[in-house]
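Letter by letter, the chains look like this.
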Amino acid sequence: MEKYLALAPLAGYTDKAFREIATAYGASFCVSEMVSAEALARGSRKTEALMEPFDGERNLVVQLFGPDSDPFIRALPTLRARNIKYIDINAGCPVSKVVKTGSGSNLMTDMSRAERIIKTLKDSLDGVHVSIKFRLGWDKDSMNYIEFAHMACESGAEMLTLHSRTRSQMYSGEADKTAFKRLRDEFPQNSSSPLLFASGDVFSAEDALYYISSLGADGVMFARGAIGNPFIIRETKELIEKGKYRRASIEEKVRTAIRHLHLAEKYYGENYAVKEMRKHLMAYIKGEHNAARVKAELCRKETILEYEKLLETLV
């Protein structure tokens, strides 16, 4: 059975350039940055731009967030016009500015709202495939992820992604990977079960393999572990297929970082690339010899060419 290795939605990171890099390293598919259903309903061009695929991208999954079905209903004309076929509902974001509106992991406090969103999309968009990402629950005293998963499946979700932390944990502590096993036990692997994806503390190929081989995940969502490290996708695929993998050399890291930089320039222009790529470039070279020096100098560079020449001093 095929195992899926995907790039998770990361606000401020999973733009067209990063998704193209991840796809080149073997991602089965990529998920867009979080897209506000309300902003789509209001006709925000900046928000619509988040749903644009990179050149040649197929099967882009658009992640939408909202507090209830109303903004999704009002966003339907835009979704139809753009022929969006893969939609992931965000019921996992723990950030205060999102949950205070009723969105993200707040949806887990009232499953009826999430149910209405799923059914609205399934009933209103021809041929749409709906997935949903969620957490263990709001806090340790309200872990309702099993019940939430059954509701989502019964409402029409075809893929479920569990981040094995509660909302109150945010991104601290360790993800409870045993919780994923309990979810897998609820949905035996067969043709009628939804695809189950794991998320949370996937920082190495070994972490991903554990979810897949030991806990029965159909796929893994690489999030923070893929920032500056798209190589983790290739490494996981090699580990699954060959039992071992090749680590990226500093030469490959620099070459990929420069390619990523030029893709950002291609899609968004040099000013954007210079500003937004610093965080990516610092992640690419983390831990390498002389990385501290290069990181300090990155903040003073103002052109693509200056970035490129600086990165090449590491090779």
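Computed from a prediction, not measured in an experiment: that's the story for all the values here. (Residues numbered from 1 in each chain as written. Predicted model: local features only at pLDDT ≥ 70, side-chain atom pairs only at ≥ 80, totals over all residues. Heavy atoms only, no water.)

A. Molecular detail of the UniProt feature "binding site: FMN" (unreviewed entry) in the protein. Per the UniProt record, the feature "binding site: FMN" (unreviewed entry) sits at Gln63, Lys133, His163, Ala223 and Arg224. When only the residues just named are considered, the largest pocket is lined by Gln63, Lys133, His163, Ala223 and Arg224. Looking at where Lys133 falls in the secondary structure, it is placed in strand 5 (residues 129-135). As for its position among the elements, His163 is in strand 6 (residues 159-163). With residues up to four places along the chain from it excluded, the contact list for His163 reads Lys133, Phe134, Arg135, Leu136, Tyr171, Ser199 and Gly200. (UniProt positions renumbered as here; feature names shortened; annotations may be inferred. 1 Å grid on protein atoms, 1.4 Å probe; cavity = no way out; pocket = protein on both sides within 12 Å on 5 of 7 lines; lining within 4 Å. Helix = DSSP H or I, 4+ residues; strand = E, 2+ residues; numbered from the N terminus. Contact = heavy atoms within 4.5 Å.)

B. Layout of the packing of aromatic side chains. Summed over the entire model, instances satisfying the criterion amount to eight aromatic pairs. Taken together through their ring pairs, the aromatic side chains of Tyr4, Phe29 and Phe197 make up a single cluster. Seen from the ring of Tyr171, Arg135 lies directly overhead, with NZ or CZ sitting 5.0 Å from the centre. In this structure, Lys279 packs its charged tip against the face of Tyr13, placed 4.5 Å from the ring centre. (Phe/Tyr/Trp six-rings, centres within 6.5 Å; stacked < 30°, edge-to-face > 60°. Lys NZ or Arg CZ within 6 Å of the ring centre and 35° of its normal.)

C. Highlighting the layout of surface pockets. Approximately 1100 Å³ is the volume found for the largest pocket. Contributing to the lining of the largest pocket are 47 residues, with Leu10, Ala11, Gly12, Glu33 and Met34 lying nearest its centre. Mapped onto the lining of the largest pocket, the elements with two or more residues apiece are helix 1 (16-24), strand 2 (29-36), helix 3 (45-49), strand 3 (61-65), helix 5 (96-99), strand 5, helix 11 (250-268) and helix 12 (270-276). Per-class residue counts for the lining of the largest pocket are 22 nonpolar, twelve polar and 13 charged. Estimated volume of the second largest pocket: approximately 390 Å³. The set of elements that each furnish at least two residues to the lining of the second largest pocket consists of helix 9 (205-214), helix 10 (231-242) and helix 13 (278-284). Per element, the largest residue contribution to the lining of the second largest pocket is three residues, and it comes from helix 10. (Points joined across faces, edges and corners; volume = space filled by probe spheres on them. Nonpolar A, V, L, I, M, F, W, Y, C, P; charged D, E, K, R; others polar.)

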